[in-house]
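# Per-entry structural report
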Amino acid sequence: MVFDGHSDLLYDVTRRRLEGETRVLERRHLERLREGGVEGLALAFWYGTGQGQTFWKDVPGAETAEARLRIMTECAQAEFAECPWLSVVRTAEEAEAARDSGKLYAFLSVEGLSAIGEDLTGIEELAALGVRLGTLTWNEENALASGAAQDSRKGLTPLGRAALRKLEDCGIFPDVSHLNDGGFRDVLRLADGPVIASHSNCRALCDVPRNLTDEQLRAIRDTGGVVGLNSHHAFVHPAPERQTLEALAIHAAHMSDVMGVEYVACGFDFCHYMGPGNDSVIGLEDCGKIPGFLACLEALGMNSTERELIARGNFLRLLSARRS
């Protein structure tokens, strides 16, 4: 069984509910989740407009980040009310209870805090909704930090440093996926507890800003955090013909060598439903193909205990470490 530490399914839920659909998760995604052995996932509120032509441009009243996040949370709550087979949880213990009762479970995360502007009480509101994982920024620059697509030398702003403290005080794990290198250094220097990278790979194997250097991997390990493997094709190998599930498994092996297998997790970031350019690697096109990825880990020599740690154990152990 698998826990996926980063899922953008709420993007699809919001888009389709605004078009009049209901029960989107059940109608469009549940079968593949079950095929893939997904017992739980972290559902992200990603409300940005930078991923090509998103649906937001056609939504009246969605011009601001604050408005988009509000719309998305409203759609998510309406969707959850239609999913008796899904439990939204805040702790690993609640997740295990949901699993034992035959339900899938979902933690909530937020991908970027542009919507709060300069008002940090927005973090308290997100925590009240049940958010447990949070990035300060997506790829853009905001009042708190700069994303991976921005100047790598910029660190957290003074407000960003205060936001980091607020995240931790509210029981939200700081997530450095999407941060630039300067912001990463500041978070790792200032954080009081575990730091995660929910959906990032190894820069040593694929040199893009969204991936992590070996030094960064070890720094996350030293906080007690985890790094989730990302299936997005461009973060796995520079050569298109080698953007495969086998190549992603090599990222898992490299992380295990650098950090130890106890700090490697899954954060697949499947987003094929967002349109062209958002494909995952060959052989792992969607969550239904996850068993093939785990088979690749076995072929690389990982035993059943190591595979279980990567598939679910490491992330759930971390989510047991702090309660909101």
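Data block above holds the structure.
To start, this report covers the structure provided alongside it. (Residues numbered from 1 in each chain as written. Predicted model: local features only at pLDDT ≥ 70, side-chain atom pairs only at ≥ 80, totals over all residues. Heavy atoms only, no water.)

## Digging into the overall build of the protein
Under the convention used in this document: We count a stretch as a helix when DSSP gives it H or I for four or more residues in a row; a strand needs E for two or more, and each element gets its number in order from the N terminus. For the radius of gyration, the atoms used are the C-alpha atoms, and the globule rule reads 2.2 Å times the number of residues raised to 0.38. Residue exposure (1.4 Å probe, protein chains only): buried if accessible area is under 20% of the type maximum, exposed if over 50%, otherwise partly exposed. Note on definitions: a residue-residue contact is assigned when non-hydrogen atoms from the two residues lie within 4.5 Å. None of His or the chain ends enter the tally, which takes Lys and Arg as positive and Asp and Glu as negative. The atom standing in for a charge is NZ when the residue is Lys, CZ when it is Arg, CG when it is Asp and CD when it is Glu.
Within the protein, the regular secondary structure consists of 11 helices and eight strands. Against the 2.2 N^0.38 benchmark of 20 Å for 324 residues, the protein shows a C-alpha radius of gyration of 18 Å, consistent with a compact globule. Counting all 324 residues of the protein, 61% fall into the buried class. The contacts of the protein with a sequence gap of at least 6 include a subset with a gap of at least 24, amounting to 71%. Of note, the protein has its 33 positive side-chain charges centred 1 Å away from the centre of its 48 negative side-chain charges.

## Section: the side chain of Asn278
Threshold: For the purposes of these results, a polar contact is taken to be a pair of N or O atoms within 3.5 Å, where, inside protein, one atom must be able to donate a hydrogen and its partner to accept one; residues adjacent in sequence count only when each atom of the pair is a side-chain atom.
Assignment of secondary structure puts Asn278 in the loop between β8 (264–266) and α10 (290–299). A residue is classified by how much of its surface remains accessible, and Asn278, at 4% relative accessible area, is buried. There is a polar contact of 3.5 Å between the side chain of Asn278 and the backbone oxygen of Met274. Of note is the side chain of Asn278, whose polar atom sits 3.1 Å from the backbone oxygen of Gly275.

## Details of the pairing of strand β2 (residues 38–45)
The condition that has to hold: Between any two strands, pairing holds if DSSP finds at least two bridges.
Counting buried residues along β2, eight of its eight residues qualify, which places the element largely inside the surrounding structure. With four bridges joining them, strand β1 (residues 2–7) and β2 adopt parallel strand pairing. Paired with Val2 across the bridge in β2 is Val38. Here six bridges tie β2 to strand β4 (residues 104–111), and the two strands are oriented parallel to one another. Within β4, the residue paired with Ala44 across the bridge is Ser109.

## A closer look at the pattern of salt bridges
Test applied: Any carboxyl oxygen of Asp or Glu that lies within 4 Å of a side-chain nitrogen of Lys or Arg is treated as forming a salt bridge with it.
Enumeration according to the criterion identifies 21 salt bridges in this entry. Note that Asp12 and Arg15 form a salt bridge whose closest N and O atoms lie 2.6 Å from each other. Of the two residues, Asp12 and Arg15 both sit in helix α1 (residues 9–18), three residues apart, roughly one turn of that helix. When sorted by exposure, Asp12 lands in the same class as Arg15, which is buried. Across the pair Arg17 and Glu79 runs a salt bridge, and its minimum N-O distance is 2.6 Å. You can see Arg17 sitting in helix α1 and its partner Glu79 sitting in helix α3 (residues 65–81), a full 62 residues away along the chain. Note on Glu79: relative accessible area 0%, which makes it buried. Residues joined by salt bridges that share partners form a network here, namely Asp12, Arg15, Arg16, Glu21 and Arg28.

## Overview of a nonpolar patch on the surface
As a reminder of what qualifies: Candidate patch residues must exceed 30% relative accessible area and have no salt bridge, after which like charges are joined if within 9 Å and Val, Leu, Ile, Met, Phe, Trp or Tyr side chains if within 5 Å. Per-residue accessibility takes into account occlusion by the displayed protein chains alone, with areas from the Shrake-Rupley method and a 1.4 Å probe.
Residues Leu205, Ile250 and Leu300 make up a contiguous nonpolar surface patch of about 230 Å² in total accessible area. In this fold, Ile250 is placed in helix α9 (residues 245–259).

## Concerning the pairing of strand β5 (residues 131–135)
Looking along a regular strand, one sees side chains alternate from face to face of the sheet. As a reminder, the rule being used: The handedness of a crossover follows from its direction of travel: if, with the strands pointing away from the viewer, the path from the first strand over the helix to the second runs clockwise, the crossover is right-handed.
With five of five residues buried, β5 lies mostly within the body of the structure. With four bridges joining them, β4 and β5 adopt parallel strand pairing. Paired with Leu108 across the strands is Val131, a residue of β5. Tracing the backbone out of β4, into helix α5 (residues 121–129) and back to the parallel element β5 gives a crossover that is right-handed.

## What to know about helix α2 (residues 24–35)
The cut-off we apply is this: For a helix, the expected span equals 1.5 Å multiplied by the number of residues minus one. As used here, the arc is the angular range of directions from the helix axis to the C-beta atoms.
Taking 1.5 Å per residue as the helical rise, α2 with its 12 residues ought to reach 16 Å, and the 17 Å between its terminal C-alpha atoms agrees with that figure. Of all the positions in α2, only Val24, Leu25, His29, Leu30 and Leu33 are classed as buried. Along the long axis of α2, the arc covered by the buried residues comes to 125°, so they all point the same way. For α2, exposure combined with an orientation more than 90 degrees from the buried face picks out Arg27, Glu31 and Arg34.

## Observations concerning the packing of helix α8 (residues 214–223) against α9
Spelled out, the test is: Axis lines are fitted to C-alpha atoms, over the contacting stretch for helices. Their N-to-C directions set the angle, which ranges from 0 to 180 degrees. Each crossing gets its handedness from the near helix: less than a right angle anticlockwise from the far helix is left-handed, clockwise is right-handed.
It is the contact of α8 with α9, at a shortest axis distance of 9 Å, that shows an interaxial angle of 65°. Helix-helix and strand crossings are classified by hand; for α8 and α9 the assignment is right-handed. Where α8 abuts α9, its residues Asp214, Leu217, Arg218 and Arg221 lie against His254, Met255, Val258 and Met259.

## Some points on α9
Between the first and last C-alpha of α9 there are 21 Å, a value that for 15 residues agrees with the 21 Å anticipated at 1.5 Å per step. In terms of burial, α9 is a largely internal element, 11 of the 15 residues being buried. Listing the buried residues of α9 in full gives Leu245, Ala247, Leu248, Ala249, His251, Ala252, His254, Met255, Ser256, Val258 and Met259. For α9, the elements touching its buried residues are α8, β7 (227–229), β8, α10 and α11 (304–319). Just past α9, the residue Gly260 takes up positive phi, approximately 105°.

## Digging into the state of the cysteines
Short version of the rule: By convention in this document, the label disulfide applies to cysteine sulfur atom pairs within 2.5 Å.
For the coordinates displayed, the defined rule picks out zero disulfides. Cys83 supplies the cysteine sulfur nearest to Cys75, a cysteine that is in no disulfide, at a spacing of 13 Å. Free of any disulfide, Cys202 has its nearest neighbouring cysteine sulfur in Cys206, separated by 9.8 Å. Judged by relative accessible area, Cys202 falls into the buried class, the value being 0%.

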